[in-house]
Amino acid sequence: MIEYKVWFGKIYKRNSELEVIKSDDFVESFIESRCEKLPFSLKEISLKIFPSEEEYYSELRRTAIRVAEIEVEKELKSSDRYIISLLKALDEIDLGINLFSEKIRDLEEIRTDKTTEEFRRIVGELKELRKDIERRISSEASKLMPNVTELVGGVIAARLLERAGSLKRLASMAGSTIQILGAEKSLFKAMSRIKKGKKAKTPKHGIIFQHPYIRTLPKKLRGKMARFLASKLAIGARVDYYSGELKEDLAEAVRKKYEELRG
Amino acid sequence: MVKKAELEILEEIAPNTFMIRYDDKKFLATKSRSKPHYGEKKYAEFREWIPYRSKLAAMILNGYRIKLKPDMKMLYLGAASGTTVSHLSDILEEGVIYAVEYSARPFKKFLELSMERRNIIPLLKDASKPEEYAGIVEKVDFIYQDIAQKNQREIFVKNAEFFLKENGEGLIMVKARSIDSVAEPSEVFSRFLSEMEENFTILKHGKLDPFHKDHIFVHVRL
Ligand SMILES: C[S@@+](CC[C@H](N)C(=O)[O-])C[C@H]1O[C@@H](n2cnc3c(N)ncnc32)[C@H](O)[C@@H]1O
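Given the structure is predicted, the values throughout are model-derived calculations rather than measurements. (Residues numbered from 1 in each chain as written. Chains lettered and ligands numbered in written order. Predicted model: local features only at pLDDT ≥ 70, side-chain atom pairs only at ≥ 80, totals over all residues. Heavy atoms only, no water.)

A few words now on the overall build of chain A. A count of helices and strands for chain A gives 12 helices and 3 strands. Against the globule reference of 18 Å for 263 residues, chain A gives a C-alpha radius of gyration of 26 Å, more extended than a compact globule. Expressed along its principal axes, the backbone C-alpha trace of chain A runs to roughly 85 × 55 × 40 Å. Buried positions account for 43% of the 263 residues belonging to chain A. With an accessible surface of roughly 15,500 Å², chain A has 51% of that area assigned to carbon and sulfur atoms. Between the mean site of the 54 positive side-chain charges and the mean site of the 43 negative ones, chain A shows a separation of 12 Å. (Helix = DSSP H or I, 4+ residues; strand = E, 2+ residues; numbered from the N terminus. Rg over C-alpha atoms; globule rule 2.2 N^0.38 Å. Buried < 20%, exposed > 50% of the residue type's maximum accessible area, 1.4 Å probe, protein only. Areas by Shrake-Rupley, 256 points an atom, 1.4 Å probe, with all protein chains shown as cover. Lys, Arg positive; Asp, Glu negative; His and termini not counted. Charge placed at Lys NZ, Arg CZ, Asp CG, Glu CD.)

This next bit is on the environment of A:Cys35. Within the element layout of this structure, A:Cys35 appears in the loop between helix 1 (26–32) and helix 2 (42–46). You can call A:Cys35 buried: its relative accessible area is 6%. Each C-alpha atom of the pair A:Cys35 and A:Tyr241 lies 34 Å from the other, and the pair is 206 residues apart in sequence. Apart from residues lying up to four places away in sequence, A:Cys35 is in contact with A:Tyr4, A:Lys5, A:Val6, B:Glu131, B:Ala134, B:Gly135 and B:Phe162. (Contact = heavy atoms within 4.5 Å.)

Taken together, the contact pairs 37 residues of chain B with 41 residues of chain A. Interface of chain B and chain A: buried area, both sides summed, is about 3,300 Å²; carbon and sulfur atoms make up 55% of it. On the surface where chain B and chain A come into contact, there are 5 salt bridges. In this structure, the salt-bridge partner of A:Glu73 is B:Lys108, at a minimum N-O distance of 3.0 Å. Taken together, the links from chain B to chain A amount to 14 residue pairs in polar contact (both at pLDDT 80 or more). Of all the elements in the fold, those that place two or more residues in the side of chain B that touches chain A are strand 7 (96–101), helix 3 (104–116), strand 8 (120–124) and helix 4 (152–163) of chain B. (Buried area = accessible area lost by both parts, 1.4 Å probe. Salt bridge = Lys/Arg side-chain N within 4 Å of Asp/Glu carboxyl O. Polar contact = N/O pair within 3.5 Å; in protein donor to acceptor, adjacent residues only side chain to side chain.)

A few words on the sheet that holds strand 3 (residues 17–22) of chain A. Residue and element names in this part refer to chain A. With respect to topology, 3 strands assemble into an open sheet ordered 1-2-3, the strand pairing being antiparallel. With partners counted over all chains shown, the strands left at the sheet margins are strand 1 (2–6) and strand 3, one partner each. Along the sheet, successive strands turn relative to each other by an average axial angle of 20 degrees, direction set aside. By the bridge criterion, 5 bridges tie strand 1 to strand 2 (residues 9–14) in an arrangement that is antiparallel. (Pairing = 2+ DSSP bridges. Axes fitted to C-alpha atoms, helices over the stretch in contact; angles between N-to-C directions.)

Residues and elements named next belong to chain B. For strand 8, a buried count of 5 out of 5 residues is recorded, marking the element as mostly surrounded by other parts of the structure. The alternating pattern of strand 8 places Ile120, Pro122 and Leu124 and Ile121 and Leu123 on opposite faces, both of which are buried. Sheet topology note: the strand 7/strand 8 ladder contains 5 bridges and is parallel. Note that in strand 8 the partner of Ile97 across the bridge is Ile120. Once you follow strand 7 into helix 3 and on to strand 8, the crossover reads as right-handed. (Right-handed = clockwise from strand over helix to strand, strands pointing away.)

Before going further, it helps to examine the domain arrangement of chain B. Residues and elements named next belong to chain B. Here chain B is partitioned into domain 1 (4–50) and domain 2 (73–221). Taken together, the contacts link 14 residues of domain 1 with 12 residues of domain 2. Summing both sides of the interface, domain 1 and domain 2 together bury roughly 1,200 Å²; the carbon and sulfur share of this comes to 48%. Taken as a group, His37, Tyr38 and Trp49 account for 43% of the area that domain 1 buries against domain 2, more than any other trio of residues on that side. Its salt-bridge partner being Glu116, residue Lys35 comes within 2.7 Å of it at the nearest N-O pair. Mapped onto the side of domain 1 that touches domain 2, the elements with two or more residues apiece are strand 3 (25–31) and strand 5 (46–48). For the side of domain 1 that touches domain 2, the per-class residue count stands at 3 nonpolar, 6 polar and 5 charged. (Domains from an automatic or database assignment. Nonpolar A, V, L, I, M, F, W, Y, C, P; charged D, E, K, R; others polar.)

See the structure below:
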């Protein structure tokens, strides 16, 4: 017997017999429904419990809207935090990988045995997990902030989000703030040196400095590129917060600027 | 005295879809009982359909027509805030549009549209996981896809396997940059087309310039 969870209940298939059990809560069964490709027609079966097509569609539409209302609010409330905690997990895994790799080196200098092999296996698994989490971050980031993600990729987008605290806060920042986001520590250091009358360089780049468009430019052009990228990020974050639709020309402009500077 | 503006239907393109002339302005529009959705103007009962905002409008204005019937069942992947879906909802007056979008913010606005229209079923789902809506979406006549993703071909094929009727059709909007950010667009497109040919008959493909740069539409049949 095979069970199919459809939005209006459960369908059981025995040989070629189909039995329909109607759900007493469509919202719940809609949310839980999940199945492989159906070997029968959903619409035809539905007419065993709905008196007409019209009633089928109006119940379906009502339920879909109700579920969508619930899920959209849930998603909007939690996705900032979800991405931030995924990012923290990523950083912790990196720490773990480094720690274990060091241990392996230490041990191997003395001798290779079962324990080092075990460590190697764990590092391998951590690297797999790291890849998974990175993919997750990218896909969640492109849902929450498609423009920022298109501009700098999922992980850097997530770091900006983490520094800002939320998309709302990121969306309220000026480009000049976004440009040094993540460089606050060195900025404070520089400021306090300056206050004491000492010489100090103010930092030009924060998190966005990790982006290849900046890293691969000659040093003297990096500030210019960072400023440009940050100004587009500020626009992108705002669009992400207010409409969430991709603006095609932002990434295009950044690419052009990079090509122009690189020469 | 101000001359009264005149509205003239120049051509019927699809059900409820017309080329309109209003004063000196010539434009594509759908006949609609609803209010504007994305800042487009409404002249009498005609809602202007803006090609810079909708790739389907761009395709039509570039001269290509697909056959749409008022009672069609359609699966729409990548609804965003519902710009194009709003016009399809005018066209498929007696049909049903199952519309999938996975990003919550644009979806919120799309949800408002779904509440105003009787023929839209909104689904906050990931189009790469049809298992999650296989118990909701029935077999459809048409799949429309505009998701700008690297693996959009695989996603389309998977959805067609699940939901497309025999001889059903599909329309896919392809953005070169999202499939390959460095290769020449023409190369990306010809690779895409030859891969699509493994599963579908390609009825037509063409550019969406000047409205959408480095994009093509691909019209297929199963
Ligand atoms: C270019 S926009 C679509 C515009 C829309 N078709 C219109 O013309 O009004 C692409 C949309 O696809 C959505 N998208 C991308 N990948 C998706 C997926 N795997 N599942 C669902 N939606 C997806 C994005 O969130 C974005 O809103």
